[in-house]
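Coordinate inspection notes
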Amino acid sequence: MSDEALEEMGLGDLVAYTRDAGIRELEELDCHGNGGVMQLEVEEKLDGERLSAFEAVSQWEFVTEKEHTYLYLVEIVAPDLTDEIADYGDELIGTCDPSMTEHGATMELVGPQQTISKALQEYEAAGISPELEKLGDYDGTETDLDALTERQREIVHTAYEMGFYEVPREVSTEEVAAELDLDASTVAEHLQRAERNLLSQKFGAQG
């Protein structure tokens, strides 16, 4: 979506502010209707009063300060999306891999092709014209690791190679963090989320 499209959705000011703060990583933790919960990692600390003042921000929480970045959880609602567009959020399986660009944002929609096509038509009718890069079949994840984000895979792979999952454990979280030049709390959080995603996939498939 271009900056103009994000502006039409009521997200323009928030996107511009977080972009100016230097977005390092953007991860969607939950998606519902016309909003969702995002985990933002930025280079500069955000102004709490300014963040709360954005109409698109329902609530936010400062998580932790890392060595060179700040981590936030932000619940976002696109205030200018119509009810018709928002309703499609319940029919979509979800979105993944959102990212900010210099001139807009990109993300993937997962759901029935017919639902995605109708949702895009509603966007266009509302004056918002997202650019569809690809529309194809989705058969679910092919491997267990597909349940992880790229960053989670990197951290889990490094931890495994270093002996973090050996019994007894050969390295600590701090040592894995040092290898990746990351904060130990960041590594611990990503490992926990990765393990949760893998277990959820396994036990969910069996249930």
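Details of the structure are given in the entry above.
About the criteria used
For every chain, the first residue of the written sequence is number 1, and numbering continues from 1 onward in sequence order. Local features in this predicted model are restricted to residues of pLDDT 70 or higher, and side-chain atom pairs are both shown and tallied only at a pLDDT of 80 or more, whereas totals for entire chains, interfaces and linings draw on every residue. Only heavy atoms go into the side-chain values, all of them from the structure, while hydrogens and water stay out. Think of it in three bands: residues with accessible area under 20% of the maximum for their type are buried, residues over 50% are exposed, and the middle band is partly exposed, with areas taken using a 1.4 Å probe on protein chains only. Secondary structure elements follow DSSP: runs of H or I no shorter than four residues count as helices, runs of E no shorter than two count as strands, and numbering proceeds from the N terminus. What makes two strands pair is DSSP finding at least two bridges between them. In this analysis the probe radius is 1.4 Å and the grid spacing 1 Å, with only protein atoms considered; a cavity is a set of points the probe fits into but cannot get out of, a pocket is an open set with protein on both sides within 12 Å along at least five of seven lines, and lining residues have an atom within 4 Å of a point. Grid points are joined across faces, edges and corners, and a volume is the space filled by probe spheres set on the points. A fitted line through C-alpha atoms represents every axis, and for helices the fit uses only the stretch in contact; the resulting angles, taken between N-to-C directions, go from 0 to 180 degrees. In this scheme, a crossing is called left-handed if the near helix is turned counterclockwise away from the far one by less than a right angle; it is called right-handed if the turn is clockwise. Two residues qualify as a contact provided that any one of their heavy atoms is within 4.5 Å of a heavy atom in the partner residue. The classification used treats Ala, Val, Leu, Ile, Met, Phe, Trp, Tyr, Cys and Pro as nonpolar, Asp, Glu, Lys and Arg as charged, and all other residues, Gly among them, as polar. The salt bridge definition used is simple: a Lys or Arg side-chain nitrogen within 4 Å of an Asp or Glu carboxyl oxygen.

A word on the pairing of strand β2 (residues 35-42)
Among the eight residues in β2, seven count as buried, and that is most of the element. In this sheet, strand β4 (residues 70-77) lies alongside β2 in antiparallel orientation, the contact comprising eight bridges. For Val37, the partnering residue across the bridge sits in β4 and is Glu75.

Here's the deal with the layout of surface pockets
Roughly 170 Å³ of volume is contained in the second largest pocket. If you trace the second largest pocket, you find it lined by Arg24, Glu41, Lys66, Glu67, His68, Thr69, Arg151, Asp181, Leu182, Asp183 and Thr186.

Concerning unusual backbone geometry
A cis amide bond links Val167 to the next residue, Pro168, at an omega of 0°. Of note, Pro168 is situated in the loop between α6 (150-162) and α7 (173-180).

Side note on the packing of α6 against α7
Packing of α6 against α7 leaves a shortest axis separation of 10 Å and a crossing angle of 120°. The crossing of α6 and α7 is right-handed. Taken together, the residues of α7 that come into contact with α6 (itself represented by Glu154, Ile155, Thr158, Ala159 and Met162) are Glu175, Val176, Glu179 and Leu180. Taken together, the residues of the contact of α6 with α7 sort by class into five nonpolar, one polar and three charged.

A short note on the pattern of salt bridges
Per the counting criterion, the structure on display carries five salt bridges. Taking the shortest distance from any N to any O, the salt bridge between Arg24 and Glu43 comes out at 3.1 Å. Residue Arg24 is found in strand β1 (residues 23-32), and its partner Glu43 is found in the loop between β2 and α3 (48-53); the two are separated by 19 residues along the sequence. A residue is classified by how much of its surface remains accessible, and Glu43, at 40% relative accessible area, is partly exposed. Arg151 is the salt-bridge partner of Glu25, the closest N and O atoms lying 3.4 Å from each other. With a gap of 126 residues between them, Glu25 in strand β1 and Arg151 in helix α6 connect regions that are remote in the sequence. Its relative accessible area of 15% is what places Glu25 among the buried residues. The partly exposed category is assigned to Arg151, whose relative accessible area is 25%. Beyond isolated ion pairs, a larger network of salt bridges with shared partners links Glu25, Arg151 and Glu154.

Taken by themselves, the reported measurements are silent on function.
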